[in-house]
Amino acid sequence: MNWLLAYLAIAWTIRIVMLLAILRRNFAPGATIAWLLVVFLHPYIGLLLYMVFAQRRLGPGRVALHQELLKVYSLPNPEASFLETLPASAQALSRLGNNVGHMPPMPGNAVEFIRESSALIERLVVEIDASVSHVHLLYYIFAPDSYGLKVAEALERAVKRGVKCRVILDEYASRAVFRADGFASRLRSVGIKIVAALPTSPLRRRDLRNHRKLAVIDDRVAFCGSHNLINPDYGGRRGAPWIDLSGRFTGPIVAELATVFAGDWAFETNERLPVPTPDQIASVAGGIPMQTVPSGPVSMGESFRRVLLGIIESAQRELIFTTPYFVPDEPTVLALLTAKDRGVDVTLVLPDKSDNIFTAAASRAHFHTLLNAGIRLFFFRPGLLHTKTITVDGQIAVMGSANIDVRSFYLNFELSMLLYDSSVTEQLQAVQQSYISQSRQMHLDDCDQRSLVFRYIDAVVALISPLL
């Protein structure tokens, strides 16, 4: 009996203390409710999960450093006359992107879309082999497999020519690289500088990630998108092969992408790298306006969700999304439904088989609501669709690393590219349509025919989706 009383007393003490702790953290409302639900249902398990997964903010010193770096690497705004050349919806979206990512739109750029993982690796190796000054890589995953080895060997060749090579990898996702006998030791032994993004310790773990994928070579060309430096089977992960999309960028926009890398490098090493200004990089003849929008878990003002909501609200006729993970919060669902109410044709393209059963279940919990509103859902079958794209009214294209989920909204450092041009948007729509042509469409009847048990499971998982 004494043991039972002690167990209950400790349990209620945990509940009360955790109630105060969770309310102080100022989580998003959905996350607050989800944490309270977990803690009150089982305080011991809830406390353990909170200790492991709830460290979802940077320390005050890191936040102050980030704010300082924004000032160090601030870019001048373009001429007002250039902004006036953009459509009204693009002008509003560019202002939003500037407020979130602190980078303005730039004229005179070009992009080449690269779909195959093998093609991305080949193009990246070619550019590294042609480098004369520096190679800067920032990736979520850099795996010591056949694809990763090709990039590593190109870096080694570059270092031997006197090229400065710097690499930032997310510590959690690329943890195999940082083992004592891992890939990092090999790279460092030949003079390549490699650092872990958002390093943790056994006593202080954060559920934060640097999810960006970026390469900048000699400040003349840059690559970014959804590809990681890994074989497309992702080591045999469920749903493989992974289907990605990256862009090869040239023009003044490279200055913004170089600034993103320099900011992240200084954030982890405190070394301030020089970066070019946009006017130091030649414009591309017939080039188009683009904007770099980095986002991250520094403040609510720098959330990718703000960009996503602005994109949805800007649409007048058509929205097409491709994303591997669709775990939206309530405002995002409401924005999609409102867009449909305005007469916007909304299409979502998701993988038919996800690598994460929990996010897949949380995603399914929204399908009936979306289909009932007339939003079209397609599920890509040949592999795990990992491409993150949005096209708006045939005029604006968005691509990058961010998913439509809580992680990308609040926990990950992400990198998105806004492309303000109808011809480029048409190219991206062609990619999206190729995915749709290889997908099955879900209808409302398909949701109604699902087992009641599985629908309840999806609903329960959706309750904790703010924690996924």
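Located above this text is the structure these notes cover.
Here's a quick rundown of the structure. Predicted model only: the values in this text are computed from it and were never measured.

The rules behind each value
Residues numbered from 1 in each chain as written. Predicted model: local features only at pLDDT ≥ 70, side-chain atom pairs only at ≥ 80, totals over all residues. Heavy atoms only, no water. Helix = DSSP H or I, 4+ residues; strand = E, 2+ residues; numbered from the N terminus. Buried < 20%, exposed > 50% of the residue type's maximum accessible area, 1.4 Å probe, protein only. Contact = heavy atoms within 4.5 Å. Areas by Shrake-Rupley, 256 points an atom, 1.4 Å probe, with all protein chains shown as cover. Phe/Tyr/Trp six-rings, centres within 6.5 Å; stacked < 30°, edge-to-face > 60°. Lys NZ or Arg CZ within 6 Å of the ring centre and 35° of its normal. Core = buried A, V, L, I, M, F, W, Y, C linked by side-chain atoms within 4.5 Å. Salt bridge = Lys/Arg side-chain N within 4 Å of Asp/Glu carboxyl O. Lys, Arg positive; Asp, Glu negative; His and termini not counted.

**Points about the overall build of the protein chain**
And then number 1: Helix and strand counts for the protein chain stand at 18 helices and 20 strands.
And then number 2: For the protein chain, the residues scored as buried account for 58% of the 468 residues in total.
And then number 3: In the protein chain, 81% of the contacts between residues at least 6 apart in sequence involve partners at least 24 apart.
And then number 4: Surface summary for the protein chain: the accessible area is close to 20,000 Å², and the carbon and sulfur share equals 58%.

**Here we look at the packing of aromatic side chains**
And then number 1: Applying the stated criterion across every chain, the model contains 9 aromatic pairs.
And then number 2: Taking the centre distance of 5.5 Å and the plane angle of 75° together, the rings of Phe380 and Tyr435 count as edge-to-face. Of this pair, Phe380 sits in strand S14 (residues 376-380) while Tyr435 sits in helix H16 (residues 422-437); the two residues are 55 residues apart in sequence, bridging distant segments of the chain. The same class applies to Phe380 as to Tyr435, namely buried.
And then number 3: Residue placement shows Arg15 over the ring face of Trp12; its charged tip is 4.4 Å from the ring centre.
And then number 4: For the cation-ring pair, Arg175 lies above Tyr172, with the distance from its terminal atom to the ring centre recorded as 4.5 Å.

**Looking at the nonpolar core**
And then number 1: Of all hydrophobic cores here, the largest spans 96 residues; its most connected members are Leu214, Phe249, Leu257, Leu319, Phe321 and Leu419.
And then number 2: The dominant element in this core, judged by the number of residues it contributes, is helix H10 (residues 253-269), at 11 residues.
And then number 3: Grouped together as the second largest cluster of nonpolar side chains are 32 residues, Leu124, Tyr139, Ala152 and Val163 included.

**As for the environment of Asp207**
And then number 1: On the secondary structure map, Asp207 appears in the loop between strand S4 (193-197) and strand S5 (209-210).
And then number 2: When the C-alpha positions of Asp207 and Tyr172 are compared, they lie 9.3 Å apart, and in sequence the two are 35 residues distant.

**Let's talk about the pattern of salt bridges**
And then number 1: Under the criterion given, the structure shown has 12 salt bridges.
And then number 2: Measuring nitrogen to oxygen at the nearest pair gives 2.8 Å for the salt bridge that ties Arg212 to Asp264. Of the two residues, Arg212 is situated in the loop between S5 and strand S6 (214-217) and Asp264 in helix H10; the sequence distance between them amounts to 52 residues.
And then number 3: Exposure remark for Arg212: the relative accessible area of 5% places this residue in the buried category.
And then number 4: The closest approach of N and O atoms between Asp218 and Arg220, which form a salt bridge, is 3.7 Å.

**What to know about the side chain of Asp405**
And then number 1: Following the sequence through the fold, Asp405 ends up in strand S18 (residues 404-405).
And then number 2: Buried within the structure, Asp405 lacks any salt-bridge partner; its nearest side chain of opposite charge belongs to Arg407, at an N-O separation of 6.1 Å.
And then number 3: Ignoring any residue separated from it by four or fewer positions in sequence, one finds Asp405 in contact with Tyr325 and Val327.

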